Amino acid sequence: MLLNDNQYLAVVEEIKNKIQMARYKATVEVNRELIMLYYSIGETINAHKSWGNRFIDNLSRDITLAYPEAKGYSVRNLKYMAKFAAEFTDIEFVQTVSAQIPWSHNVAIMEKIKDKEQRIWYIEKTIKNGWSHSVLIHQIESKLYERQAIIHKVENFDRRLPTPQSELAVQTMKDPYVFDFIPFKEDMVERDIENALVKDVTAFLLELGTGFAFLGHQYHLVVGGEDFYIDLLFYNINLKCYVVIELKNEKFKPEHAGQLSFYISAVDGELRKPDDNPTIGLLLCKSKNNLVAEYALQDINKPMGVSEYRLGELPEEYKDLLPSIEDIQKRIK
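Residues numbered from 1 in each chain as written. Predicted model: local features only at pLDDT ≥ 70, side-chain atom pairs only at ≥ 80, totals over all residues. Heavy atoms only, no water.

## A look at the packing of aromatic side chains
Applying the stated criterion across every chain, the model contains 18 aromatic pairs. Between Phe179 and Phe204, the ring centres sit 5.4 Å apart and the planes meet at 85°, which makes this aromatic pair edge-to-face. Here the residue Phe179 occupies a position in strand 2 (residues 177–183), and Phe204 occupies one in helix 12 (residues 201–208), the gap between them amounting to 25 residues. As far as the burial class goes, Phe179 and Phe204 line up, both buried. With centroids separated by 6.2 Å and ring planes inclined at 25°, the aromatic side chains of Phe179 and Tyr309 adopt a geometry described as stacked. Of this pair, Phe179 sits in strand 2 while Tyr309 sits in strand 7 (residues 304–312), placing them 130 residues apart in sequence. (Phe/Tyr/Trp six-rings, centres within 6.5 Å; stacked < 30°, edge-to-face > 60°. Helix = DSSP H or I, 4+ residues; strand = E, 2+ residues; numbered from the N terminus. Buried < 20%, exposed > 50% of the residue type's maximum accessible area, 1.4 Å probe, protein only.)

Structure below.
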């Protein structure tokens with residue numbers, strides 16, 4: 001029946017993504033002229049910066065008096081405009097790239113990212129994925145660039161998949177995956193983490209990336225009359241294939257790759273349709289030795305990758321402000 005077809009669910013997800021993207025593009029188009037106006041105002045302010053800080057204070061007051069209904073001309077925002085024009089000197093880049101994202105996104109990237117290459121990367125990802133302001137902030141604070149753009153990825157996609165799909169699969173992969181919406185507990189087992197991921201599957205999908213449709217948790221397959229259960233099963237509409245995810249609350253072991261390879265084969269045999277691309281697998285481990293993982297995947301003939309995952313922890317800036325476990329134990333004694 002159609003409603004039980006996993007591919008139907010994937011099509012629904014694809015249409016929802018298209019609607020979301022269309023709405024986002026319409027909003028961006030409205031903001032395009034506003035951003036170019038802000039850039040022009042920033043250039044004017046910079047041309048008269050020798051007049052001192054009082055110039056911006058007076059400018060903000062006089063614009064507000066002239067256009068009391070207009071918003072966005074506070075002293076703070078005028079300073080952002082000046083900084084925007086000063087730091088993004090290539091006006092063609094501003095017109096063709098920066099102007100495709102809302103002003104609040106530009107400010108966030110400008111404030112939180114100093115490296116030019118990273119700024120461009122986050123702008124392009126925002127355009128491609130239609131990130132909201134809060135999602136963009138989350139991606140920056142979870143260091144998505146470091147986890148996706150410059151990591152040493154352990155996978156065999158380039159050897160096991162045709163070029164277009166292998167490139168997409170590599171681009172989709174992160175290391176580590178950050179599940180900061182799951183409170184860390186020392187005695188958590190794999191099933192606890194799985195349940196927490198399913199409970200907040202929206203956050204999980206955000207971390208996985210664009211195009212993932214969730215199909216099931218402990219997904220039941222019958223192979224040769226025996227029962228098997230896949231930790232997490234997805235369909236990716238960009239890759240046009242099933243994605244099997246196995247979760248291990250321990251360090252990577254070579255035998256994990258063999259188990260995942262079996263599940264990939266089972267999905268290919270039981271679920272994959274003729275127009276689907278080969279199923280890929282992702283093994284999420286508490287930790288891994290990259291060389292051991294690379295050797296383990298070397299002769300595996302199924303496409304898969306190995307990544308670490310991180311659960312929610314106290315932000316680094318707060319860790320130094322709190323006593324350590326050892327300090328607390330000493331005080332108790």
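## Points about the nonpolar core
As a rule of thumb, soluble globular proteins bury nonpolar side chains together. In terms of nonpolar packing, the biggest core is built from 38 residues, with Phe84, Trp103, Ile109 and Tyr122 touching the most fellow members. Looking at this core, the elements that each hand over two or more residues are helix 1 (6–47), helix 2 (53–66), helix 3 (75–87), helix 4 (91–96), helix 5 (103–112), helix 6 (116–129), helix 7 (133–141) and helix 8 (144–148). For Trp103, the contacting residues outside a window of four places in its chain are Ile35, Tyr38, Asn77, Tyr80, Met81 and Phe84. Ala10, Val154, Cys285 and Ala293 belong to the second-largest nonpolar core, a separate cluster that totals 27 residues. (Core = buried A, V, L, I, M, F, W, Y, C linked by side-chain atoms within 4.5 Å. Contact = heavy atoms within 4.5 Å.)

## Some points on the environment of Leu239
Residue placement: Leu239 occurs in the loop between strand 4 (226–236) and strand 5 (241–251). On a C-alpha basis, the gap between Leu239 and Gly211 in space is 8.1 Å, while along the polypeptide they are 28 residues apart. Excluding residues that lie within four positions of it along the chain, Leu239 makes contacts with Gln165, Leu168, Ala169, Asn277 and Ile280.

## Here's the deal with the pattern of salt bridges
One pass over the structure, following the stated rule, counts 14 salt bridges. Within this structure, Asp268, Arg272 and Lys302 form a network of salt bridges that share partners. (Salt bridge = Lys/Arg side-chain N within 4 Å of Asp/Glu carboxyl O.)

## Digging into a nonpolar patch on the surface
Among the surface-exposed residues, Val11, Ile15 and Ile19 lie close enough to one another that they form a single nonpolar patch of about 240 Å² accessible area. Examined against the element boundaries, Ile19 turns out to sit in helix 1. (Patch = residues over 30% accessible without salt bridge, like charges linked within 9 Å, V, L, I, M, F, W, Y side chains within 5 Å. Areas by Shrake-Rupley, 256 points an atom, 1.4 Å probe, with all protein chains shown as cover.)

## Examining the side chain of Ser166
Following the sequence through the fold, Ser166 ends up in helix 10 (residues 163–172). Judged by relative accessible area, which is 7%, Ser166 ranks as buried.

## Here we look at helix 3
Here helix 3 is 13 residues long and its end C-alpha atoms lie 18 Å apart, about the 18 Å a rise of 1.5 Å per residue gives. All buried positions along helix 3 are accounted for by Asn77, Leu78, Tyr80, Met81, Ala82, Phe84 and Ala85. (Expected span 1.5 Å × (residues − 1).)

## Remarks on helix 10
Among the residues making up helix 10, those that are buried are Gln165, Ser166, Ala169 and Thr172. One face of helix 10 carries all of its buried residues, which in axial projection span an arc of 125°. (Arc of directions from axis to C-beta.)

## Topic: the packing of helix 3 against helix 5
Between helix 3 and helix 5, the shortest axis-to-axis distance is 11 Å and the interhelical angle comes to 70°. Comparing the axis directions of helix 3 and helix 5 gives the class roughly perpendicular. The element helix 3 and its partner helix 5 pack so that their crossing is left-handed. For the pair formed by helix 3 and helix 5, the contact residues are Asn77, Tyr80, Met81, Lys83, Phe84 and Glu87 on the first element and Trp103, Asn106, Val107, Met110 and Glu111 on the second. In terms of residue class, the contact of helix 3 with helix 5 is built from six nonpolar, two polar and three charged. (Axes fitted to C-alpha atoms, helices over the stretch in contact; angles between N-to-C directions. Parallel < 35°, antiparallel > 145°, perpendicular 65-115°, else oblique. Left-handed = near helix turned anticlockwise from the far one by under 90°. Nonpolar A, V, L, I, M, F, W, Y, C, P; charged D, E, K, R; others polar.)

## Examining the state of the cysteines
Taken as a whole and assessed by the stated rule, the structure comprises zero disulfides. For Cys241, which is in no disulfide, the shortest distance to another cysteine sulfur is to Cys285 and amounts to 20 Å. Since its relative accessible area comes to 0%, Cys241 is described here as buried. (Disulfide = S-S within 2.5 Å.)

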